[in-house]
Every structure is written in C-alpha cells, then in structure tokens.
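In case you want the letters, here they are:
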Amino acid sequence: MRLHVVDGTFELFRAQYSKRPERVAPDGMDVKGTVGVVASMLGLLDDPEENVTHIAVAFDNPIESFRNDLYAGYKSGEGMDPVLVAQMDLVEEAVAALGITVWSMDAYEADDALATAAKRWRDQVAQVRILTPDKDLGQCVTGNRVVQVDRMRRRVIDEDGVRQRNGCDPASIPDWLALVGDTADGIPGIPGFGAKTASALLTRYGTVEAIPAHSANWDVSVRGGMRLAQTLNEMRTEVALYKRLAILAEDVPLTEDLEDLRWRGADREEFERLDRRLGGGTMRPRRWRGE
C-alpha cells in the first residue's frame, strides 16, 4: 500500500501555463488550470503503475504563511496572476469532488502538509510518494520509503537521487537552500555560494552551523574559500533565518487518519455539479463512491 500526497498549488500552476487548450466556463471564468488539475488527478488515479489507494492533495490558499511573519521578503501572493487567484477555491472544490482528501493550508504551506504526512504515515505504508519536483521536499526523502515523484520527467527521486540532484544528504537540504537560495520561495541565499560549493561543504560538515569559521580549517577544496568564509561569518544571522524558512513543518494539525485518505471513488452529485460549472465535457472518474 502506498500513500500519494500531491502539491496541488504546483499542479494548478503547471496546468494553467501548459499547452492545454484554453477553457472558459459558462460564466466567463478562465478555468484552464482547474480543468487541467482534474485531468491530472484522474490520470494519476487511473495509472496502473502508481496504483493509488490512499491520496491527499495540499493547496496554498492563501499563498502567505507563518514564514511571511519571519521574513518580509518571503514569497507572497502579491503580483500573482489574478486568473490563478480566482481559481484557488474552485480547484479545491474540484479535487474534493473527485473524492480526494484536500488540505487547504492557511498558516502553513502545502509543502508543510506533505512533510507532515510523510513523517506521520511513512511507517504505516510501503511507500510515501510526494508528487512534486520542488527541491525543498527533498528533505523528507528517506531511503526508498519516502520518495519524490516528478511526473513531468517521469522520475522517482529516492535518497540517492537527492544526493545526485543536490549533492548532499536529504537532511542537509534546508542548509543547502539557505546557502544557495530559493528564488521560488524568496530566499536570497548567501552571496558567492553556488550549488557545488554548498554541496561540497555540506557533504563534509552536514549543517551550516558545523562549517568552521575559518577557511584554513576547511578540509575540502573550495575556490575562494577565504572570501566565502568571511561572507558566511558576517551573515550567520541571515543564514540561520534562511534555514528556518527552508525547514518544513512536520506538525501540521491534519485531522485525518490514514484510512480517511483511502480513495473510494468520486462523489457523483458533486462532480456533476462541478462539470456543469466548468461548462461540461470534463473527463469523468472511473469509479463513483458507493456504486
């Protein structure tokens, strides 16, 4: 038995800006992203290789979280495409109509819900599959028990895959992001630290706190070590904050137990209502709840 947890916000962005045909609802609303997410989730449910039995989808709604209180530059909904904003509630309703558990995040982020689910249920299932390519979820990967799935590239990323992608262990991903930065989340990183430099130091020392203050004490070869050490020492406070922003919460108060996440089919009445709202012709589920 597997548990599939999906980054719904990523799915919405991906669907809205994909090459799929435009889709306008009878009321004139652009619903391309929502229709795309419905098709994506139905494709996942029908995929014999994925063999979905238990599933949940998490959304950022709104985009802001507790991290915005920690750092003013953290990602927010400011400047977000109004077409996407208008669909945030609708896409949650659509996924719920498919009979899939929806986690709508407010104070937390969708990634926090995925991290919490992975920690809570990883010992109760054969595998937790986190469906997003986002690098920050790499910190949740555990051997082959908790993996990331990049559906676009048809790639499964286990613990060795994280090391190949980021050059460090999963536990060091928040440190890596603190040094390198994450433009998608508004984490600026530390000037001069590229991916290879950060990977080399973290492979050796594990955490930013453990990196010696003086480059003369670094027993890994890093170009410009003296300058980088000075920069890091001057920005220890900032790097601690950036790491705090990158660490995913694993204590989101999800109310469901594992059995609540079992997919039992779509709600026919809710789906028919959704289909009419979207203008009809939406892909249909293979199974209806209770039938």
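If you're wondering where the values come from, they're calculated on a predicted model, not measured in any experiment.

Colleague: Sorry, what's going on with the packing of helix α7 (residues 173-180) against helix α8 (residues 195-205) here?
Modeller: What describes two packed helices is the angle between their axes and the distance between those same axes. Packing of α7 against α8 brings their axes to within 9 Å, and their N-to-C directions diverge by 140°. When the axes of α7 and α8 are compared, the crossing they make is right-handed. Counted together, Asp-175, Trp-176, Leu-179 and Val-180 of α7 and Ala-195, Ala-198, Ser-199 and Leu-202 of α8 form the full contact between these two elements. For the contact of α7 with α8, a count of residues per class yields 6 nonpolar, 1 polar and 1 charged.

Colleague: What is the right way to read the sheet that holds strand β1 (residues 2-7) from this model?
Modeller: Strand order in this open sheet of 6 strands is β3-β2-β1-β4-β5-β6, and the pairing throughout is mixed. Whereas interior strands pair on both sides, the edge strands pair on one side only; in this sheet they are β3 (101-105) and β6 (155-157). Here the average twist between neighbouring strands, direction ignored, is 25°. On the sheet, helix α5 (residues 110-121) packs against β1, β2 (54-60), β3, β4 (127-131) and β5 (146-150) and is oriented at approximately 170° with respect to β1.

Colleague: Whenever I open this one, the pairing of β4 confuses me. Can you help?
Modeller: Walk down a regular strand and you will see the side chains alternate between the two sheet faces. Buried residues dominate β4, accounting for 5 of its 5 residues. The alternating pattern of β4 places Gln-127, Arg-129 and Leu-131 on one face and Val-128 and Ile-130 on the opposite face, and all of these are buried. Here β1 runs beside β4; their pairing, made up of 5 bridges, is parallel. Looking at β4, one finds that Val-6 is bridged to Leu-131.

Colleague: I tried to follow the packing of α7 against helix α10 (residues 236-246) on my own but got confused; where do I start?
Modeller: Remark: α7 packs on α10, axes separated minimally by 8 Å, with the N-to-C direction vectors making an angle of 130°. When the axes of α7 and α10 are compared, the pair comes out oblique. By crossing handedness, the relation of α7 to α10 is classed as right-handed. Of the residues in α10, those touching α7 at Pro-174, Asp-175, Leu-177, Ala-178 and Leu-179 are Val-239, Tyr-242, Lys-243 and Ala-246. Tallied by class, residues from the contact of α7 with α10 come to 7 nonpolar, no polar and 2 charged.

What counts as what
- Residues numbered from 1 in each chain as written.
- Predicted model: local features only at pLDDT ≥ 70, side-chain atom pairs only at ≥ 80, totals over all residues.
- Heavy atoms only, no water.
- Axes fitted to C-alpha atoms, helices over the stretch in contact; angles between N-to-C directions.
- Helix = DSSP H or I, 4+ residues; strand = E, 2+ residues; numbered from the N terminus.
- Left-handed = near helix turned anticlockwise from the far one by under 90°.
- Contact = heavy atoms within 4.5 Å.
- Nonpolar A, V, L, I, M, F, W, Y, C, P; charged D, E, K, R; others polar.
- Pairing = 2+ DSSP bridges.
- Buried < 20%, exposed > 50% of the residue type's maximum accessible area, 1.4 Å probe, protein only.
- Parallel < 35°, antiparallel > 145°, perpendicular 65-115°, else oblique.

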